[in-house]
Amino acid sequence: MSEETEPLIQDRDHGHGGAEQEAAQCQTRAIRIRAIVWSFLALIFILSVIIVLVGPDNYGDIGPGTLPRDPDAAARKLLHMAPVIDGHIDLPMVVRYGWRNNVSAIPLDDKMPMHVDILRLRDGKVGGFFWSVYVPCADSSAEGKEFVNPTWSVRDTLEQIDVAKGLITKYPETFQFTVTSTDVKESIAQGKIASLLGVEGAHQLGNSISVLRQYYDLGVRYVTLTHTCHNAFADSCGYLETIPPLHYGLSPFGFKLIEEMNRIGMLVDLSHTSDMTAAHAIMHSKAPVIWSHSSARAVHDVARNVPDEVLGMIGTGKGQKDGIIMVNFSPSFVAPDGEADVKKVADHVEHIANVVGKKHVGIGSDFDGVLDTPKGLEDVSKYPNLIAELLRRGWDKYELAGFTGGNFLRVFAAAEDVARKLQAAGTSPVYDVYEKRDDFPEWEY
Ligand SMILES: *[C@@H]1O[C@H](CO)[C@@H](O)[C@H](O)[C@H]1NC(C)=O
Ligand SMILES: [Zn+2]
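Please read all numbers here as calculations on a predicted model, not as lab measurements.

## Some remarks on the overall build of the protein
Tallying secondary structure elements over the protein gives 16 helices and nine strands in all. Taking contacts inside the protein between residues at least 6 apart in sequence as the whole, the part at least 24 apart equals 75%.

## Details of the nonpolar core
By size, the foremost hydrophobic cluster in this structure holds 106 residues, and its most contacted members are W131, L212, V268, I325, V345, I352 and I387. By residue number, the principal contributor to this core is helix α16 (residues 397-424), which donates nine residues. Beyond its immediate sequence surroundings of up to four residues, I352 is in contact with A296, L311, I325, V327, H360 and V361.

## Here we look at the pairing of strand β5 (residues 220-224)
Here β5 lies mainly inside the structure; five of its five residues are buried. Where strand β4 (residues 193-200) meets β5, four bridges bridge the pair, whose relative direction is parallel. Counted as the bridge partner of V199 is V223 from β5. Handedness of the crossover joining β4 and β5 through helix α9 (residues 209-217): right-handed. Summarising the sheet, β5 and strand β6 (residues 267-269) pair through three bridges and their orientation is parallel. When the sheet's bridge partners are listed, Y222 is paired in β6 with L267. Taken together, β5, helix α10 (residues 252-264) and β6 constitute a β-α-β crossover, and its handedness is right-handed.

## Regarding helix α3 (residues 71-81)
Regarding α3, the residues found buried are A74, A75, K77, L78 and L79. Its buried side turned inward, α3 meets β1 (84-89), α15 (383-392) and α16.

## A word on the packing of α10 against α16
Where α10 contacts α16, the axes come no closer than 6 Å and their chain directions differ by 95°. Here α16 runs roughly perpendicular to α10, going by the angle between their axes. Within the contact between the two elements, α10 uses N262, R263 and I264 and α16 uses V418, A419, L422 and Q423.

## Points about the packing of α3 against α15
Across the interface, α3 lies against α15 with an axial gap of 8 Å and an inter-helix angle of 115°. Looking at the two axes, α3 sits roughly perpendicular to α15. Like other packed secondary-structure pairs, α3 and α15 cross with a definite hand, here right-handed. Between α3, through P71, D72, A74, A75, R76, L78 and L79, and α15, the contact on the second element is made entirely by Y383, P384, I387, A388, L391 and R392.

## A short note on the environment of P71
Within the element layout of this structure, P71 appears in helix α3. Separated by 319 residues in sequence, P71 and L390 place their C-alpha atoms 8.9 Å apart. If near-sequence neighbours (up to four positions away) are discounted, P71 is found in contact with A388, L391 and R392.

## Focus on the pairing of strand β2 (residues 126-132)
Most of β2 sits out of view: seven of its seven residues are buried. Sheet analysis places β1 next to β2, joined by four bridges and oriented parallel. Considered in β2, the bridge of V84 is made with V126.

## What about helix α7 (residues 153-170)?
For α7, with 18 residues, the first-to-last C-alpha span of 25 Å sits near the 26 Å given by 1.5 Å per residue. The set of residues buried in α7 consists of S153, T157, Q160, V163, A164, K165 and I168.

## Brief notes about unusual backbone geometry
Positive phi outside glycine occurs at N101, with the angle close to 60°. Positionally, N101 belongs in the loop between α4 (91-99) and α5 (118-123). Located in the positive-phi region is H272, a residue other than glycine, with phi close to 75°. Examined against the element boundaries, H272 turns out to sit in the loop between β6 and α11 (275-284). When the 26 C-beta atoms within 10 Å are taken as the criterion, H272 is described as buried.

## Quick notes on the confidence of the model for the protein
Model confidence for the protein is summarised by a mean pLDDT of 91, while 89% of its residues fall at 70 or above. The least confident element of the protein is helix α1 (residues 2-14), whose mean pLDDT is 36; the most confident is β6, at 99. Note on residues 1-19: pLDDT under 50 across the span, and eight contacts to partners over four residues away in sequence or across chains. In the model, residues 52-58 has pLDDT below 50 throughout and makes 14 contacts with residues more than four positions away in sequence or in other chains.

## What to know about the environment of V361
The residue V361 is located in strand β9 (residues 361-363) in this model. In the structure, V361 is positioned 45 residues away from G406 in sequence and 9.9 Å away in space, judged by C-alpha atoms.

Thresholds applied
Residues numbered from 1 in each chain as written. Chains lettered and ligands numbered in written order. Predicted model: local features only at pLDDT ≥ 70, side-chain atom pairs only at ≥ 80, totals over all residues. Helix = DSSP H or I, 4+ residues; strand = E, 2+ residues; numbered from the N terminus. Contact = placed C-beta atoms within 7 Å. Core = buried A, V, L, I, M, F, W, Y, C linked by C-beta atoms within 7 Å. Buried ≥ 20, exposed ≤ 12 C-beta atoms within 10 Å, placed from the backbone. Pairing = 2+ DSSP bridges. Right-handed = clockwise from strand over helix to strand, strands pointing away. Axes fitted to C-alpha atoms, helices over the stretch in contact; angles between N-to-C directions. Parallel < 35°, antiparallel > 145°, perpendicular 65-115°, else oblique. Left-handed = near helix turned anticlockwise from the far one by under 90°. Expected span 1.5 Å × (residues − 1). pLDDT = per-residue confidence, 0-100.

Written out as structure tokens, the structure is:
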């Protein structure tokens, strides 16, 4: 700096004679050029810092200020800028079981009996979540071994979609129905809770890929390939212990289902699936995959959690697929009886981050779908406790903004992009019908 300002002072003090003046002018021009070059370099530096800090994986206005030193205050400040997007909340099920789906009677703006209501959603800094439109597996004796007998799964799923939409509409100041990654970002920017729909098990498709397309048109954006039962498309992992396989992963019809999900932009959700189903789906899917609510088997050994071998297939390296594992809080998946707390949940988050990377982990609480919750994560108002715990463990704000929602939005946007490209390439819809069905009418001559 002094080197640059000194000649200017000299010029003012001594600049009289012709040659001297010309020399001084020359020097001034050189200084100007140098100043321009330096400002240009500084501008490039500032721009690259901004690009690194506010990359496409982050969302919300999280930079460049620092967070408070106190982890709880810091967690709240971070969540204010990068709120939670939860992959799996079972609120519609509570309405079905507790109120016979009477949307008028639901006091979401008051105290609800389970883990979710508007006050606690706001308190917990929730920016969006998937409303699970879950209905249970049909009774296997009624459905038949080959899943061909009629059930009420599709009717009941439509009723749950109706309930979710009814509640979203009932509280327009709070919720906004969303169907794209852009919708979600806009909704959060407007201070609304982005509301997405997820179907929890392909048994809810009634073995029909046509139904998949119609659910998409109703706004559903993920289908979990199985619940706790096998179905015509894929094998389930069972519940706490592995159940014997039926198809040994995806059935041939299941591979077709994945292709159609990719083409229309329905996220492939691998929670509840067997390890072989997950492996098949990861290899076959053109789009990134998600686990809407699953934890790590290496931390707590139950069938419902994801093993390291499957986690190893996720990433951006050669032969890997992008994806996100949204960690489940359900105590039976988190730790041995009575030991589940916010620290154990953070152990699952960190394990997945260590194996796959911090850009591949998120939140899928399962709130309202479980009777018990971990200590410190009792309901939707408690997410800040988990963020505070991760701050104590050294996660920085950009990593945390990915964890709370940015990672999910990246995966969602990438799946949307795959669908756009497949459609632009003229990929034909899948019209395959489950081969075991014999209910299609035939002309008689
Ligand atoms: C639904 O709830 C409302 C409000 O509590 C009540 O007035 C109405 O009778 C209920 N409808 C049915 C069908 O139960
Ligand atoms: Zn579930």
